[in-house]
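Chain by chain, the residues:
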Amino acid sequence: MSVVLCASILLRLLALVWSLVVWRRLRDRRIAFLSALLAMMTLRQLFLLVGDFEAGSFSLGANPIELGGLAVSVLAVVAIVELGHYLEQARQATEHVGDREARLSAILNTTVDGIITIDRKGIVETFNPAAETMFGYTASEVIGRNVSMLMTKPDRDDHDGYLERYGRTGEKKVIGIGREVVGRRRDGTEFPLYLGVGERADGSGFTGVLRDLTERKLADEALEQSRRTLATLISNLPGMAYRCKNERDWTIEYASAGSVDLIGYAPEELVGGNVSYADLIHEEDRERVWDEVQHAIEEDSAYQLTYRVTTSDGEARWVAEQGCAVHAADGSVEALEGFITDISDRKRLEEEVLQAQKMEAVGRLAGGIAHDFNNLLMGIVGCARIASKDVVPGSDTEHQVREIQAAAERGAGLTRQLLTFGSRKASEPEPILLDHVIESVETMIRRLLGEDVRLSLELRAGGGPIVADPGQIEQVLLNLAVNARDAMPEGGVLRISTGKHHNDDDLIVLEVADTGTGMDAETRAKAFDPFFTTKKDTEGTGLGLSTVYGIVTQLGGTVQLDSEVGKGTCFRIFLPRTEAEPEAEEVEAESVPTGGGETVLVVEDDRLVRAGVRHILQEQGYQVLLASNGNEALRVCDEHDDGIDLLLTDCIMPGMGGAQLAEAIHEKREGVKALFMSALPHEVLVEQGRLQPGQPTVQKPFKDGELAARIRGLLDGREA
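Cut-offs used in this document
- Residues numbered from 1 in each chain as written.
- Predicted model: local features only at pLDDT ≥ 70, side-chain atom pairs only at ≥ 80, totals over all residues.
- Heavy atoms only, no water.
- Helix = DSSP H or I, 4+ residues; strand = E, 2+ residues; numbered from the N terminus.
- Buried < 20%, exposed > 50% of the residue type's maximum accessible area, 1.4 Å probe, protein only.
- Contact = heavy atoms within 4.5 Å.
- Areas by Shrake-Rupley, 256 points an atom, 1.4 Å probe, with all protein chains shown as cover.
- Pairing = 2+ DSSP bridges.
- Axes fitted to C-alpha atoms, helices over the stretch in contact; angles between N-to-C directions.
- Core = buried A, V, L, I, M, F, W, Y, C linked by side-chain atoms within 4.5 Å.
- Phe/Tyr/Trp six-rings, centres within 6.5 Å; stacked < 30°, edge-to-face > 60°.
- Lys NZ or Arg CZ within 6 Å of the ring centre and 35° of its normal.
- Right-handed = clockwise from strand over helix to strand, strands pointing away.

1. Here's the deal with the overall build of the chain
Tallying secondary structure elements over the chain gives 22 helices and 22 strands in all. Sorting the 720 residues of the chain into buried and exposed places 41% on the buried side. Restricting the contact set of the chain to residue pairs at least 6 apart, pairs at least 24 apart contribute 59%. Entry remark: accessible area of the chain is about 40000 Å², with carbon and sulfur atoms responsible for 53%.

2. Considerations on the sheet that holds strand β21 (residues 673-678)
Taken in spatial order, the 5 strands of this open sheet run β19-β18-β20-β21-β22, and their pairing is parallel. Each of the sheet's edge strands pairs with one partner strand only, and the pair in question is β19 (623-627) and β22 (697-699). Sheet twist, expressed as the average angle between the axes of neighbouring strands with direction ignored, equals 20°. Against the sheet, helix α20 (residues 658-668) contacts β18 (599-603), β20 (646-650) and β21, and its axis sits at roughly 155° relative to β20. Packed onto the sheet, helix α22 (residues 704-715) meets β20, β21 and β22 and runs at close to 155° relative to β21.

3. Things to note about the nonpolar core
Core analysis: the largest hydrophobic core is formed by 38 residues, its most contacted members being I445, I473, L477, L494, I496 and I573. With residues up to four places along the chain from it excluded, the contact list for I473 reads I432, L434, V437, I466, A468, L555 and L575. Grouped together as the second largest cluster of nonpolar side chains are 28 residues, M240, V293, I297 and A325 included.

4. Considerations on the packing of aromatic side chains
Throughout the structure, instances matching the rule amount to 4 aromatic pairs. Ring centres 5.5 Å apart and planes at 70° place the aromatic pair F135 and F191 in the edge-to-face group. Linking F135 in helix α4 (residues 129-135) with F191 in strand β4 (residues 190-199), this pair joins segments that are 56 residues apart in sequence. The buried category is assigned to F135, whose relative accessible area is 2%. Taking relative accessible area as the criterion, F191 reaches 2% and is therefore assigned buried. Where W250 meets W290, the ring centres are 5.2 Å apart and the plane angle is 50°; that geometry is what we call tilted. A residue pair is termed long-range when its members are at least 10 positions apart, and W250 in the loop between β6 (239-244) and β7 (252-255) and W290 in helix α11 (residues 283-298) qualify at 40 residues. There is no split in this pair, since W250 and W290 are both buried. Cluster of aromatic residues (ring-pair linked, three or more members): F127, F135 and F191. One Lys or Arg, R185, reaches over the ring of F191 and ends 4.0 Å from the middle of that ring. Positioned above the aromatic ring of W318, the side-chain terminus of K347 is 4.4 Å from the ring centre.

5. Side note on the pairing of β19
A regular strand places its side chains so that they alternate between the two faces of the sheet. Pairing of β18 with β19, which is carried by 5 bridges, proceeds in the parallel orientation. Bridging across to β19, V603 finds its partner in A627. Handedness of the crossover joining β18 and β19 through helix α18 (residues 607-619): right-handed.

6. As for the environment of A708
Locating A708 in the fold gives a position in helix α22. Judged by relative accessible area, which is 0%, A708 ranks as buried.

Limitation: the analysis is restricted to geometry and does not speak to function.
See the structure below:
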């Protein structure tokens, strides 16, 4: 067999096998047909060669038949190989396109944005699941229809014209530009969309990407509502919200509208350091505020401050500040944020409470002084009374003794005024004569004024009574007198006058005028404000004139102030006159009730008072037993076999008090009456819990007839 023949046979067999391999790998009908065709051609050539070989027509030299068969075999093999390569590339390209289409399909099906493609006439070609959810249509309901069905007017009516104009002129309105539009759902509801449109590269249509803005719009509206609500709340709060830098000038970055009411500056005046907030802080508080804020920052805690500020009109106010540091990502202090409120009223209230506590302490001190002083006066009165029995009538000694008694009575009047001034009793208005009240407090006023100020009284009220608590009128007079004294440091005249109103007979006028320094217009405008004062901190509280105003207003009256610098001050108080008549003062009866030999146990820790009371009772015809304290009184009670008709005991004593002693004696001897004597008024004793409201008392220093009447009334059963 020739070499050519062998090669030809081998190549034909290879072509046949390769065609079968290619067909098996590609599994394509077109490839199978071509492979079969080539295989048949190869087989035919192979059969021809075999036939020739059997016929003996082959020779060792090449002949045309052999050469043709070899050429056919080579071409078949080359064709089959090239066809396999081509078809393999086609297969790979097809798989790549399929993969890309699968990826694009996955993107379209899973993206949260709606994707719609349309042709140049606006007919929908693609409608992804997100668009289905967004508009409420299925893809089959939209594809093939005009996209304007998803739009609202006027876009719905203008869309086709827009596409036609774009195709004719190239004028763009939406393509390549994202913007907010309004979509229309299947149920007719409208909703906000963000739309981006791009044109396909081949110009055959457009792709739109849509995002539903409903939730974002709702979130934006909720955020805006929250912002408005917060802004309203902050603007309505009685104070200023702020943000400032942590620096010495406290440069303001934000201030709420409350800054106007708080410090008199608008937010725009404060922001950016136009007005330095540090300069508004009182110079005495400025360094302390800085130190406390820095200490809080170091401790990583909020700060709470109280300090003084000066407003735009120069007014000093107390403010409270609460805030904290705002830290940046690197831990540094980015700013300070907080809230500042006006606490001037609270500070005034605290001062008022402090003043009330001081007044309460004064009242307690006055009560203690009055108790001891009245006991002393009682002793003086008792001794003077005993001494008067042994002096020669009409002699100088008798005169001196009577002066002693008169002085003691004036002292008792002073202590009663002191108790009234410091008392916490509720006012008890009653018809009173204004002139009588002024006369009763005259001595105290003179002592308050001192020797440099002369007191002039011009009482012309004509007996017309007013309804008031005498203590309130005394307090008005004393407050005005103290103010007048302070306004006349080098001396002067204080004039107190009364009279009827010249135009209104139903008003009584009380004038208190001084020749002092007077007031300017600004001081007059604030004269009755609580705690406003022109005095130094150690000289007054600023409550005097506000107290006067409050009392007069409570009584239904009015106050008029006239004052000029260098010309003194005059307060005119107009009080309504009443037709009710004041109660007549009790006049001590000339005849003093006497005893009938009854036994009275006198218990008093002060020796002089004890002696004076014994002398009075013995003169009135009573048997007197004495004791200096409760225990001694119980012992006397046990040792005295005869009956005891009355217990006359001091209410406040060391150890056992008067009420306790009365209970102890009542257990030993029923039927013993008890009368309590004290230097304090009955209502004060009840308030302190020393006596019950119905227990009878007599206040020291008492007169002979007063004591005798009370004892006789108890013994005769006229008093409980």
